[in-house]
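Remarks on the overall topology
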Amino acid sequence: MLTKLKNLFSRKNRVKDYVELSNEERMSIIEKACKQVSRGVFYSTIIIIASFLPVFLLTGQEGKLFHPLAYTKTFILLIDALLVVTLAPVIISYFMKGRFRSEHENPINRKMESFYEPLVRKCIKYRKTTIGINILALLISIPMMMSLGREFMPPLDEQSILFMPVTLPDISNSEVKRILQVQDKIIKSVPEVSKVLGKAGRASTATDNSPINMIETIIMLKPKSEWRPGITKKDLINELDTKLQIPGVVNGWTQPIINRINMLSTGIRTDVGVKVYGQDLKQIDAVSKEVKIILQNIKGVKDLYVEPVTGGKYLEINIKRDQLERYGLTVNDINTTVETAIGGSPFASTVEGRKRFNINLRLGQDFRNSIESLKRIPINSPDAGVVPLSSVTEIRFVDGPPMITSENAILRGAVMFNVRDRDLGSTVQEAINKLNGNIKLPNGYFIEWSGQYENLIRGQQTLFYVLPIVLIIIFIALYLAFKSLREAFLSLITIPFALIGGAFLVFFWGINLSIAVAVGFIALFGIAVETGVVMVIYLNDAMKQLVLLKGNSSETISKEELREYVIAGAAKRLRPKLMTVCVSLFGLIPVLWSTGVGSDVMQPIVLPMIGGVLTSSTHILLVTPLIFLMTKEYELRKFGKLEVHDEKH
């Protein structure tokens with residue numbers, strides 16, 4: 001009991017080690033703090049929105065894929081920018097009450113500061129070394145980026161395979177059916193295959209113009225947990241391709257969804273196609289075969305074949321008009337007989353419930369399966385009785401185009417191929433260089449590259465023209481935030497150093513540059529600038545405190561004092577800067593371990609962001625204070641005072 005009374009008495013008489021604030025003083029401090037931070041955060045949000053402008057301008061497949069991402073993030077950030085300057089101060093005024101502990105009392109924050117402050121001092125002490133290391137890392141990352149392969153989009157694993165072999169144009173129905181059955185049996189023998197469904201020719205739809213010689217086989221795979229150890233999808237395709245080498249059949253491997261997208265958007269059913277335009281099909285065929293010979297030894301070119309524009313077989317029946325009068329027949333009599341005997345002629349219909357069927361009449365298969373049988377088809381002649389069809393017609397097989405393709409009213413052929421074991425960009429670039437140096441086109445003929453390469457060039461051009469505009473918009477926003485060209489440049493310079501980590505991580509992860517990687521770098525721009533803005537805000541706040549204490553003159557401010565205040569501005573607000581970085585990292589890193597459909601597209605977006613956030617935060621925490629100190633030393637030396645920027649709203 002005595003102990004409790006002593007404790008109670010000691011608490012009543014304990015000297016307060018904190019200052020009690022009135023409500024007016026507390027609101028005034030909150031107002032100043034919000035003014036200090038909200039301007040930079042607001043403009044940081046605007047910068048992130050502006051950095052997504054190239055994504056909005058993407059068209060085609062890439063636009064449809066990334067527009068939802070850009071719109072979602074933009075709408076969220078617009079609301080965020082509004083809440084930062086309106087709702088956030090109100091919420092802070094309600095919850096920021098009572099006694100507050102200093103940041104130094106937090107053991108985690110104290111440990112980070114004890115590690116960070118000596119490191120900043122060393123970077124400031126060894127200025128040339130610090131800046132040199134950063135520039136060297138930037139110079140190393142440039143050739144690394146240049147050495148990366150290029151592709152339009154990272155291949156999405158659809159967990160299925162589309163096998164598209166092409167046979168000779170004049171193949172018969174029975175032969176293509178036999179080949180299809182043999183192929184399906186071989187494919188099903190592979191243990192990783194779950195189901196196989198093959199189709200030859202066109203489907204029962206007006207939009208499918210596939211010839212009979214084109215086979216489409218969809219291969220459904222078992223879950224990867226049931227695959228043989230160590231085998232990949234690429235190994236499966238190589239194994240199947242080796243087993244399915246059939247004379248007269250050119251194999252092609254792709255995936256069902258991307259194949260339909262390619263065919264609808266470019267008219268090419270492979271990754272890349274060389275379209276040959278001209279006026280004569282035979283000449284187009286000759287040029288296409290020459291292109292194939294030039295391309296066939298290029299590394300990465302797989303499933304190479306020429307779209308047949310000749311080689312089709314046609315049954316030609318020419319009427320001997322000089323014989324018609326002799327037998328008392330007309331051209332219409334011959335046409336009607338041929339149509340009925342070979343093609344079939346409707347003569348009745350039947351109704352079964354709600355279904356109605358036409359009944360066609362034609363000769364049986366045995367009476368029309370050869371030219372000799374067709375020649376013996378009887379025709380009733382009013383003057384000579386029954387005569388064979390060969391008496392008034394000439395029947396023969398002739399060569400012709402299996403299918404005539406045209407674009408923009410110009411006849412077109414195509415040389416198609418897929419790209420495997422190499423990136424799309426360098427493969428096609430080598431093919432272009434080799435083709436330009438070894439082919440001479442006839443007058444009036446020209447070639448055009450299409451397929452995924454066409455999409456790649458379109459996406460690259462969009463980003464190439466828009467990115468400089470985005471950087472200008474970001475710079476203007478930074479200038480409006482700080483009212484200083486030097487400090488706007490100080491925040492903008494974090495972008496190239498953010499590219500260092502992105503380039504290193506993309507390079508060592510072994511992925512190619514694509515539109516997805518470019519979108520990741522675009523998202524990185526805004527994050528890097530946002531962290532830089534937070535650092536510059538607190539460095540400016542340290543300069544304000546220095547000027548209030550020492551006055552704004554080179555005579556009252558020494559270099560040592562300037563350095564100490566810059567270090568204090570960088571170190572004493574370490575927690576909000578690290579929180580800005582960690583929020584981005586904690587949200588992105590789990591994507592690296594994600595699996596399943598879509599993960600192979602998300603990882604190329606996330607990799608540059610993770611690597612870039614790491615290097616840009618390192619640059620901002622270590623190099624930005626150094627550059628800021630150098631600019632303030634320059635201001636004192638040249639102008640005799642510091643440029644201190646207050647928050648104005």
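Quantities reported herein were computed from a predicted structural model and do not represent experimental measurements.

A few words on the packing of helix 19 (residues 515-550) against helix 20 (residues 559-571). Where helix 19 contacts helix 20, the axes come no closer than 8 Å and their chain directions differ by 140 degrees. Classified by the angle between their axes, helix 19 and helix 20 sit oblique to one another. In this structure, the crossing between helix 19 and helix 20 has a hand that is right-handed. On helix 20, the residues touching Met535, Tyr538, Leu539, Ala542, Met543, Gln545, Leu546, Leu549 and Lys550 of helix 19 are Glu561, Leu562, Tyr565, Val566, Gly569 and Ala570. A breakdown of the residues in the contact of helix 19 with helix 20 according to their chemical character gives eleven nonpolar, two polar and two charged.

In this section: unusual backbone geometry. Phi is positive for Gln159, close to 60 degrees, though the residue is something other than glycine. Along the chain, Gln159 turns up in the loop between helix 7 (127-147) and strand 1 (160-163). Phi is positive for Asp303, which is not a glycine, with a value near 55 degrees. Among the structural elements, Asp303 can be located in strand 6 (residues 301-306). The buried category is assigned to Asp303, whose relative accessible area is 10%.

Moving on to the nonpolar core. Nonpolar side chains tend toward joint burial in soluble globular proteins. Among the nonpolar cores identified, the biggest contains 60 residues, and Phe66, Val274, Val291, Leu295, Phe417, Trp449 and Ile515 are the most heavily contacted of them. Residue contributions to this core peak at eleven residues, all from helix 19. Grouped together as the second largest cluster of nonpolar side chains are 44 residues, Leu490, Val536, Met543 and Leu621 included.

Counted by the stated rule, this structure contains seven aromatic pairs. With 4.9 Å between their ring centres and 70 degrees between their planes, Phe56 and Tyr71 make a pair best called edge-to-face. Taken together, the residues Phe56 in helix 3 (residues 53-56) and Tyr71 in helix 4 (residues 60-85) connect sequence positions 15 residues apart. Where Tyr277 meets Phe446, the ring centres are 4.8 Å apart and the plane angle is 15 degrees; that geometry is what we call stacked. In this pair, Tyr277 sits in strand 5 (residues 272-278) while Phe446 sits in strand 15 (residues 446-451), placing the two residues 169 residues apart along the sequence.

Scoring rules and cut-offs
- Residues numbered from 1 in each chain as written.
- Predicted model: local features only at pLDDT ≥ 70, side-chain atom pairs only at ≥ 80, totals over all residues.
- Heavy atoms only, no water.
- Axes fitted to C-alpha atoms, helices over the stretch in contact; angles between N-to-C directions.
- Helix = DSSP H or I, 4+ residues; strand = E, 2+ residues; numbered from the N terminus.
- Parallel < 35°, antiparallel > 145°, perpendicular 65-115°, else oblique.
- Left-handed = near helix turned anticlockwise from the far one by under 90°.
- Contact = heavy atoms within 4.5 Å.
- Nonpolar A, V, L, I, M, F, W, Y, C, P; charged D, E, K, R; others polar.
- Buried < 20%, exposed > 50% of the residue type's maximum accessible area, 1.4 Å probe, protein only.
- Core = buried A, V, L, I, M, F, W, Y, C linked by side-chain atoms within 4.5 Å.
- Phe/Tyr/Trp six-rings, centres within 6.5 Å; stacked < 30°, edge-to-face > 60°.

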